[in-house]
Amino acid sequence: MKRVQHLFLVVLFSVFSIVLIKAQVTSLPNISSQYLTQGNDYGAVVLTIQYSENKSTWVLDGNTLDFTQKNLYQFLDDQFKKLDDATVQQSNLKLEAPTDMPIHYLQDAYVWIQIYGNKQLHLAMYESMEPDKKQYLPLTILPFAHLEKACEHYAVTTKNATSALETFSTIHPNTERLDVEKKTDLSLTKNTVRPADYIPQTILHIEMKENKEVFFKGRKTNPMVLAALIQSELATNYNSSYEKAKTEQYLWLNLKMNKDVTYQQYAEVQVALQEAFHLYWEELAFNKFQKPYLDLDVQERWSIQQASPKLISQYDAIELRYIEEKLSAETPQTWFELK
């Protein structure tokens, strides 16, 4: 009798554990793309956002925490405590978030990571042809210097007379600081400046609204054709040249998102933008090397990428206003050249 009771308890516990595990599984976006080529970086730090009952929480190293900048930084500080600042900045992060999560939570996470100093975020999702295998979409975290000045400018122009932090918190709640000890880019030298380090001068906006509405250049479109439209813009901007682009030619694609947009909608549009670059790179690869882009070796791919750098941004209202109203210049400069 005791043995039967014991077996019953074991089975009951196992079923409960399975239910609990399933309840904690994140429903990742599901998209269709042949260009999800980013491999799983098993050494990357994993950030998970759960969303339930109109509230998001961090799940960091198995612990459920309030969705705050402070909790994120405490976790990252602990993960990177044995690394120097330059190595921290080069360390990849992976993000897992549910399809129904409102996009403003991702925007919060993005700017917090931007402030912290990491340069690359890999977004976990599923590709329709391999629904049981996690794929990763690389997202470059673009730098933004002078965040406090941007907040002050935003406060003045919107007649919102508050401190920089209070201004920033109106868009990104649960933010406690605008800078950290790792804010200085130690790896940036004259020989290692990336296209992403330049201050945007030419920006094309893609607007995402509720009900899966996407607008490009004032016209409603959808992710199915967006990649082709962007590909055409890239060809026009860079003159279909496979030579290294000049800094004054750089073209940024910026996502402007309504707060009601879901993470699934965002993933579909983000993938379309990434595909646009790959489609354009395919053209250049055939013109220069007479073979498909994915068949090129590392050095050949690098040369093609330099002809049309992948510059995809999602600047918030504060950052975008400061860029467009205060940082327009005839001579391209990097964020770290600002005085």
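Residues numbered from 1 in each chain as written. Predicted model: local features only at pLDDT ≥ 70, side-chain atom pairs only at ≥ 80, totals over all residues. Heavy atoms only, no water.

1. A word on the sheet that holds strand β11 (residues 251-257)
Next up, step 1: Pairing in this open sheet of 5 strands is mixed, and the strands run β10-β9-β8-β11-β12 from one edge to the other. One side of each edge strand has no neighbouring strand; the edge strands of this open sheet are β10 (219-221) and β12 (312-313).
Next up, step 2: For strand β8 (residues 202-209) and strand β9 (residues 213-216), the ladder comprises 4 bridges, and the chain directions are antiparallel. Considered in β9, the bridge of E207 is made with F215.
Next up, step 3: Relative to the sheet, helix α8 (residues 263-289) contacts β8, β9, β11 and β12, its axis offset from that of β11 by approximately 170°. (Pairing = 2+ DSSP bridges. Helix = DSSP H or I, 4+ residues; strand = E, 2+ residues; numbered from the N terminus. Contact = heavy atoms within 4.5 Å. Axes fitted to C-alpha atoms, helices over the stretch in contact; angles between N-to-C directions.)

2. Regarding the confidence of the model for the protein chain
Next up, step 1: With 89% of its residues at a pLDDT of 70 or more, the protein chain has an overall mean of 88.
Next up, step 2: With pLDDT under 50 throughout, residues 6-24 is counted as low confidence; its partners more than four residues away or in other chains account for 1 contact.
Next up, step 3: Contacts of residues 186-190 to residues separated by more than four positions or lying in other chains number 10 contacts, the stretch itself having pLDDT below 50. (pLDDT = per-residue confidence, 0-100.)

3. Side note on unusual backbone geometry
With the exception of glycine, the majority of residues adopt a negative phi angle, and the majority of peptide bonds are in the trans configuration.
Next up, step 1: Even without being glycine, E53 reaches a positive phi, approximately 55°.
Next up, step 2: Note on E53: relative accessible area 76%, which makes it exposed.
Next up, step 3: With a phi close to 55°, S240 is a non-glycine residue in the positive phi region.
Next up, step 4: Summarising the element assignment, S240 is placed in the loop between α7 (223-237) and β11. (Buried < 20%, exposed > 50% of the residue type's maximum accessible area, 1.4 Å probe, protein only.)

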